[in-house]
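Residue-level listing of the chains:
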Amino acid sequence: MDMSAYPLELPADDRPMVRFMNVVKSYGRLVVLDQLNLDIAEGEMVTVIGPSGSGKTTVLRMLMTLETINGGVIYIDGKPLTHMERNGVLVPADERHIRKMRASIGMCFQHFNLFPHMTALQNCMEGPVQVLGLSKAEARARSEELLTLVGMIDKKDQHPSRLSGGQQQRVAIARALAMRPKVMLFDEVTSALDPEVIGEVTNVIRKLVAEHNLTMLMVTHQMGFARDISDRICFFYRGKIEEQGPPAALFGNPQKERTKQFLSAVKEAD
Amino acid sequence: MPIWEFLQTYWPLLLNGTLITCAQFLLASVIAIACALAAGLGKLSGNWLIRGAAVIYIEIFRGTSLLVQLYWIFFVLPLFGLTLPSFIAGFLSVGLNVGSYGAEIVRGAIQSVPKGQWEAGYAISMSPAKRMRRIILPQALALMLPPWGNLLIELLKGTALVSLISVADLMFQAKQINASTFLSAQAFGTALVVYYILARFLITPFMRWLERSMARRLGRA
Ligand SMILES: Nc1ncnc2c1ncn2[C@@H]1O[C@H](COP(=O)(O)OP(=O)(O)O)[C@@H](O)[C@H]1O
Ligand SMILES: [Mg+2]
């Protein structure tokens with residue numbers, strides 16, 4: 001598709017928080033995502049499910065701009081994320097454009113990736129102070145509020161090595177939220193956790209869904225949790241959205257054969 | 001002459017030499033660490049000019065002998081109008097030489113910081129420079145301390161070469177005493193022991209202490 005077919009900005013009456021428009025991602029000759037089109041409305045919670053290797057992580061990493069895309073455009077809040085305007089057309093974004101745009105996106109990783117040389121509080125303050133330019137006092141107040149939200153205020157002066165996986169993941173969520181993102185991404189944030197602490201992390205995400213108007217895109221293998229909190233479920237298969245819909249419909253009455261197979265396989269494993 | 005008597009007679013010269021050796025060691029270490037950081041980071045730079053400069057520095061100083069570099073800096077640079085006092089030429093040569101080895105340690109340590117740390121810094125929108133300084137380098141530092149401990153001991157031993165351009169270090173004094181008294185065993189024996197003590201009882205414990213305090217900063221102690 002010709003680049004001039006992509007709008008420089010989405011019109012006010014058709015402006016989802018996230019829009020993937022014909023997005024292609026390949027590694028060498030392996031096409032991981034083929035012509036992906038996906039809109040996420042403001043405040044919507046979308047969960048991506050699907051077999052291993054179907055491209056779920058890749059979708060999140062493209063949105064975080066950790067991966068460059070090979071075709072199409074991603075828009076955030078109506079503005080191009082992966083591209084920028086030059087002489088009236090979209091060209092691939094430079095480092096500065098991407099850095100500015102990605103500030104509105106936060107991501108939590110499977111393995112937390114907290115900064116080991118900083119305490120929980122310092123982890124949360126790092127972005128606000130170093131990137132947003134907040135004063136130490138402002139950043140501390142914001143961080144302490146978020147550590148309270150995730151139930152980690154008691155451990156704010158501990159280094160990550162002193163925290164359990166569930167505690168580290170909660171700090172990581174607070175760290176991402178401290179940047180006040182418009183969109184939050186969760187990539188299998190409970191997969192590396194012991195079963196008994198999964199609840200403490202999912203409860204934090206439940207609370208975010210209930211009390212905050214964040215737009216969220218989540219990958220998880222916990223179907224019950226996904227069903228409870230999502231507005232929409234996208235089932236990915238081989239780099240395409242095979243089927244999507246509200247959780248009750250997708251889990252209760254899947255239409256596609258592959259969706260049925262996947263869901264019954266997951267149920268058996270449980 | 002028994003060693004006891006030898007030391008009573010010559011200790012002022014030997015002490016003087018030891019102090020000069022320590023000064024050469026400290027100054028050369030500063031140069032080496034600065035060059036290693038600059039070249040190690042430079043080798044990872046996205047700018048090919050910077051990367052090229054780092055590679056050339058590393059190749060020249062690692063690929064040729066320290067003694068030849070020392071002679072170049074002291075005897076050849078004056079022909080191009082740059083005359084350095086022997087004291088400065090001494091620690092500069094040693095520092096530049098060791099820095100080229102240190103650069104590979106720095107580069108390796110930076111690259112060993114887990115990918116997740118780079119991505120976490122990226123995800124909070126840090127600029128590459130800030131991420132390097134605030135997230136990656138502090139962790140790389142902890143990884144590079146053990147190899148730096150060895151390298152600094154090599155550096156100390158390397159400083160003995162500055163006696164060849166008449167810097168009055170420990171080795172120089174030992175040679176002087178030997179030349180005037182022929183007490184070779186005592187003179188060079190003392191030098192041997194002093195170098196050993198400096199390495200084993202000053203540098204090594206200091207590096208261990210640094211490693212421990214770094215581990216504490218990472219919350220690992
Ligand atoms: N850096 C990479 N290089 C090559 N192939 C990759 C890379 N990252 C992911 N892939 C491939 O892309 C496909 C989708 O991966 P991913 O998005 O991680 O799947 P999922 O998260 O659904 O398990 C897989 O086939 C995987 O092997
Ligand atoms: Mg994945």
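*Asks:* Tell me about the environment of Ala28 of chain B, and name the residues and values.
*Replies:* All names here are of chain B. Structurally, Ala28 can be placed in helix 1 (residues 3-43). Distance in space between the C-alpha atoms of Ala28 and Leu156 is 8.9 Å, their sequence separation being 128 residues. Ignoring any residue separated from it by four or fewer positions in sequence, one finds Ala28 in contact with Phe91, Val94, Gly95 and Leu155.

*Asks:* Explain the pairing of strand 9 (residues 183-187) of chain A residue by residue, including any values.
*Replies:* Residue and element names in this part refer to chain A. For strand 9, the buried fraction is high: five of the five residues fall into the buried class. Two elements, strand 9 and strand 10 (residues 215-219), share five bridges in a ladder whose sense is parallel. Bridged to Met184 within strand 10 is Met216. Taking the sense of rotation as the criterion, the β-α-β connection linking strand 9, helix 6 (residues 195-211) and strand 10 turns out right-handed.

*Asks:* Let's hear about the interface of chain B and chain A: which residues, and what values?
*Replies:* Interface size, as often reported, equals the accessible area lost upon joining of the parts. Chain B puts 23 residues into the contact, and the matching count from chain A is 26 residues. Across the interface of chain B and chain A, roughly 2,200 Å² is buried in total on both sides, 53% from carbon and sulfur atoms. When residues of chain B are sorted by the area they lose upon contact with chain A, Tyr122, Ile124 and Ser125 of chain B head the list and together hold 29% of the total. Where chain B touches chain A, the interface holds two salt bridges. Two residues, Glu119 of chain B and Arg61 of chain A, come together in a salt bridge whose shortest N-O distance is 2.8 Å. Taken together, chain B and chain A are joined by 12 residue pairs in polar contact (both at pLDDT 80 or more). Elements supplying a minimum of two residues to the side of chain B that touches chain A: helix 5 (115-123) and helix 6 (128-158) of chain B. When residues in the side of chain B that touches chain A are grouped by element, the largest group, eight residues, is from helix 5 of chain B. Looking at the side of chain B that touches chain A residue by residue, the classes come out as 10 nonpolar, seven polar and six charged.

Procedures and definitions
Residues numbered from 1 in each chain as written. Chains lettered and ligands numbered in written order. Predicted model: local features only at pLDDT ≥ 70, side-chain atom pairs only at ≥ 80, totals over all residues. Heavy atoms only, no water. Helix = DSSP H or I, 4+ residues; strand = E, 2+ residues; numbered from the N terminus. Contact = heavy atoms within 4.5 Å. Buried < 20%, exposed > 50% of the residue type's maximum accessible area, 1.4 Å probe, protein only. Pairing = 2+ DSSP bridges. Right-handed = clockwise from strand over helix to strand, strands pointing away. Buried area = accessible area lost by both parts, 1.4 Å probe. Salt bridge = Lys/Arg side-chain N within 4 Å of Asp/Glu carboxyl O. Polar contact = N/O pair within 3.5 Å; in protein donor to acceptor, adjacent residues only side chain to side chain. Nonpolar A, V, L, I, M, F, W, Y, C, P; charged D, E, K, R; others polar.

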